[in-house]
Amino acid sequence: MEGLMMDYQLTVPSLMRRAEQIYGAREVVSRLPDRSLHRYRFRDFVRRTKQLALALRRMGIRPGDRVATLSWNHYAHLEAYFGVPSVEAVLHTINLRLPVDDIVYIADHAEDRILLVDEALLQLFEQVRERTHFEKVIVLQATRPVPEGMLDYEELIAAEDPQTFVYPDIAERSAAAMSYTSGTTGRPKGVLYSHRALVLHSLGLGLAESVGLTGRDTVMPVVPMFHVNAWGLPFACVMLGAKLVLPGPHLDPASLIDLLAGEKVTFTAGVPTIWLGILQALDKATERPDLSVLRTMLVGGAAAPPSMIAAFEKRHGLRVVHAWGMTETTPLGTVSNLPLELDGAPDEEQMRSRARQGVSMPLVEIRARGESGIVPWDGMTPGELELRGPWVASSYYRSDEQGDRFTADGWFRTGDIVTIDATGSVQIQDRIKDVIKSGGEWISSVLLENALMAHPSVAEAAVVAVADPKWQERPLACVVLREGESATGEELREFLAPQFPKWWLPEEYAFLPAIPKTSAGKFLKSALRAQFNRPNEV
Ligand code: AMP
């Protein structure tokens with residue numbers, strides 16, 4: 001028997017309609033390239049978004065067409081987030097930190113028809129201009145006449161009357177947005193987010209069991225809007241009426257701390273390298289900024305060192321919440337809140353639990369597969385994490401590299417090696433390609449890195465496999481020391497010794513001025529492997 005409920009479609013414009021009706025007075029604050037702050041209200045955002053939608057239609061954008069952005073986090077990018085899906089087109093946020101060749105490849109692969117580009121990024125665009133095929137290029141935040149052949153966003157939308165915009169009926173399974181993976185090997189692969197997935201993911205962000213966003217929050221996504229929808233925060237904030245603070249291109253610790261304090265941010269999100277920088281700045285600050293209303297600093301995208309979580313809490317009274325996700329999972333997959341069972345447990349045990357990647361979001365199911373099948377949830381047996389859920393990709397966009405990532409029974413293979421404990425909490429041990437295979441056993445580079453980063457002299461550490469004639473691979477620790485500190489390899493090895501089996505301990509330590517990073521700010525281990533392995537060895 002069929003249920004008798006409406007088949008209400010979960011679409012991005014439905015979030016916008018709510019914002020228009022209920023949250024018109026809520027604010028969006030953006031840092032502009034000249035460092036000044038731009039402020040407007042949700043009602044201005046909705047009005048301009050409708051104008052953008054009308055302008056896109058006038059330019060011939062049809063349902064299913066791709067419209068790309070090359071843009072930092074600010075109000076005009078937010079307008080694209082909603083304006084493009086509002087005409088049933090697909091927003092393709094291009095990751096501006098990708099190598100130029102990859103940008104050319106993905107713009108071509110996605111067949112983007114129109115590009116919205118920040119004036120501040122025109123130089124980058126010039127590097128790809130000749131090799132891409134956008135029919136129209138629209139300049140955002142132009143402070144001077146736009147280059148020949150391009151259009152000025154403000155002029156374009158000013159010509160449209162928002163009153164004439166009528167929301168189309170959109171099927172919730174149609175695509176609203178797309179991101180490409182920033183894979184360090186092979187070509188980037190396209191992930192197509194449906195309206196339905198974005199709406200359900202937004203609801204997920206509002207659950208107290210995940211991160212519990214509400215309209216009382218002031219949210220600053222430091223995670224870029226060009227990487228996995230800024231973790232879905234722009235959609236969720238518009239749905240819930242939360243004030244948005246968008247930091248533009250200024251991502252240095254001083255600028256971010258200034259916004260956190262000045263705008264009374266309650267919730268912020270970013271990768272560990274951002275928070276490590278902020279931690280050092282707060283440690284050094286002679287005058288404490290007032291961060292008393294900041295309730296959650298969400299960290300993910302790479303493993304958050306437990307020492308960092310503890311340092312924020314102990315030294316600055318700030319709560320870091322660890323989460324895990326991927327481009328393919330919209331991205332939130334797991335969040336590490338303290339399980340009820342650990343209320344009242346000793347601090348150290350609570351911290352150990354919170355430093356894990358956490359429990360899957362409601363509606364996201366997980367399992368891990370080892371060499372002999374699905375592994376038990378014993379917190380010890382490693383396996384590759386697999387997931388399924390309404391905001392998990394079912395395949396890549398026009399790619400012939402599907403086969404090994406999606407199982408025959410409908411799960412997505414993440415490529416992350418994890419253990420899962422009895423409470424369902426996941427701990428990432430490594431990427432399959434980063435795990436160190438020594439003498440037939442696996443050594444987790446992530447656990448060694450976290451332990452090294454807890455050493456008082458160590459600012460950053462990345463551990464990679466180097467070829468070894470006897471053991472096949474051995475770990476090599478690449479270490480960046482804190483300013484003015486010193487440590488030897490011998491000292492670091494002694495520091496690690498009590499925490500790991502002897503055969504895990506790196507024999508070799510390389511002291512570097514910096515660890516190379518990926519476009520998303522993660523350690524670029526492939527570069528380190530290439531640097532420390534002679535050709536053909538690994
Ligand atoms: P991306 O698709 O670029 O966002 O990268 C996703 C990958 O980042 C995952 O497969 C993990 O390997 C890694 N990752 C994301 N969050 C975490 C985390 N909290 N801890 C460890 N690794 C993470």
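So, helix H12 (residues 306-316)
Every buried residue of H12 is listed here: Met 308, Ile 309, Ala 310, Ala 311, Phe 312 and His 316. Of the surrounding elements, those touching the buried residues of H12 are helix H11 (272-284), strand E13 (296-299), strand E14 (320-325) and helix H13 (347-354). Downstream of H12 by a residue or two, Gly 317 has a phi angle that is positive, lying close to 65 degrees.

Observations regarding the site of the ligand
Contacts to the ligand come from 17 residues, most closely from Ala 323, Thr 327, Asp 416, Arg 431 and Lys 522. Within the contact set of the ligand, a nitrogen atom lies 3.3 Å away from a backbone nitrogen or oxygen of Ala 303. Here an oxygen atom of the ligand sits 2.7 Å away from a polar atom, N or O, in the side chain of Lys 522. Burial of the ligand by the protein chains amounts to 89% of its free accessible area of 500 Å². Counting residues per element, the ones that place at least two in the shell around the ligand are E14 and strand E21 (426-431). Among the elements that make up the shell around the ligand, the one with the highest residue count is E14 (four residues). When the residues that make up the shell around the ligand are grouped by side-chain class, the tally is six nonpolar, eight polar and three charged.

Quick word on the layout of surface pockets
By volume, the second largest pocket amounts to about 810 Å³. What lines the second largest pocket is a set of 31 residues, among which Pro 306, Glu 348, Met 351, Arg 352 and Ala 355 lie closest to the centre. Listed by contribution, the elements that provide at least two residues to the lining of the second largest pocket are H12, H13, E21 and helix H14 (445-453). The element best represented in the lining of the second largest pocket is H13, accounting for seven residues. By residue class, the composition of the lining of the second largest pocket is 14 nonpolar, eight polar and nine charged.

A look at the pattern of salt bridges
Evaluated as defined, the whole model comprises 34 salt bridges. Arg 354 is the salt-bridge partner of Glu 313, the closest N and O atoms lying 3.2 Å from each other. A residue pair is termed long-range when its members are at least 10 positions apart, and Glu 313 in helix H12 and Arg 354 in helix H13 qualify at 41 residues. Judged by its relative accessible area of 28%, Glu 313 is partly exposed.

Some details on the confidence of the model for the protein chain
Keep in mind that low pLDDT regions are not for reading the predicted coordinates in detail. Residues with a pLDDT of 70 or more make up 98% of the protein chain, whose mean pLDDT is 95. Within the protein chain, no element has a lower average pLDDT than strand E23 (residues 441-443), which sits at 82, and none a higher one than strand E11 (residues 243-246), at 99.

Remarks on the packing of helix H10 (residues 253-262) against H11
Taken N-terminus to C-terminus, the directions of H10 and H11 make an angle of 80 degrees; their axes are 9 Å apart at the nearest point. Viewed along their axes, H10 and H11 adopt a mutual orientation that is roughly perpendicular. Packed against H10, whose contacting residues are Pro 253, Leu 256, Ile 257 and Leu 260, the element H11 presents Ile 274, Gly 277, Ile 278, Ala 281 and Leu 282 at the interface. Taken together, the residues that form the contact of H10 with H11 break down as eight nonpolar, one polar and no charged.

Quick word on unusual backbone geometry
Backbone torsion omega between Thr 330 and Pro 331 reads 10 degrees, so that peptide bond is classified as cis. Looking at the element boundaries, Pro 331 is found in the loop between E14 and strand E15 (332-336). The phi torsion at Arg 398 lies on the positive side, around 40 degrees, for a residue other than glycine. Within the fold, Arg 398 resides in the loop between strand E19 (383-388) and strand E20 (412-420).

Some details on the side chain of Thr 327
With respect to the helices and strands, the residue Thr 327 is situated in the loop between E14 and E15. Classification of Thr 327 by relative accessible area gives buried; the value is 8%.

Some points on the side chain of Asn 73
Its location among the elements puts Asn 73 in the loop between strand E3 (66-70) and helix H3 (75-86). Polar side-chain contacts of Asn 73 include one of 3.0 Å to the backbone oxygen of Val 223. For Asn 73, the contacting residues outside a window of four places in its chain are Pro 221, Val 222, Val 223, Pro 224, Met 225, Leu 246, Pro 247 and Gly 248.

What counts, and where the lines are drawn
Residues numbered from 1 in each chain as written. Predicted model: local features only at pLDDT ≥ 70, side-chain atom pairs only at ≥ 80, totals over all residues. Heavy atoms only, no water. Buried < 20%, exposed > 50% of the residue type's maximum accessible area, 1.4 Å probe, protein only. Helix = DSSP H or I, 4+ residues; strand = E, 2+ residues; numbered from the N terminus. Contact = heavy atoms within 4.5 Å. Near = heavy atom within 4 Å. Polar contact = N/O pair within 3.5 Å; in protein donor to acceptor, adjacent residues only side chain to side chain. Areas by Shrake-Rupley, 256 points an atom, 1.4 Å probe, with all protein chains shown as cover. Nonpolar A, V, L, I, M, F, W, Y, C, P; charged D, E, K, R; others polar. 1 Å grid on protein atoms, 1.4 Å probe; cavity = no way out; pocket = protein on both sides within 12 Å on 5 of 7 lines; lining within 4 Å. Points joined across faces, edges and corners; volume = space filled by probe spheres on them. Salt bridge = Lys/Arg side-chain N within 4 Å of Asp/Glu carboxyl O. pLDDT = per-residue confidence, 0-100. Axes fitted to C-alpha atoms, helices over the stretch in contact; angles between N-to-C directions. Parallel < 35°, antiparallel > 145°, perpendicular 65-115°, else oblique.

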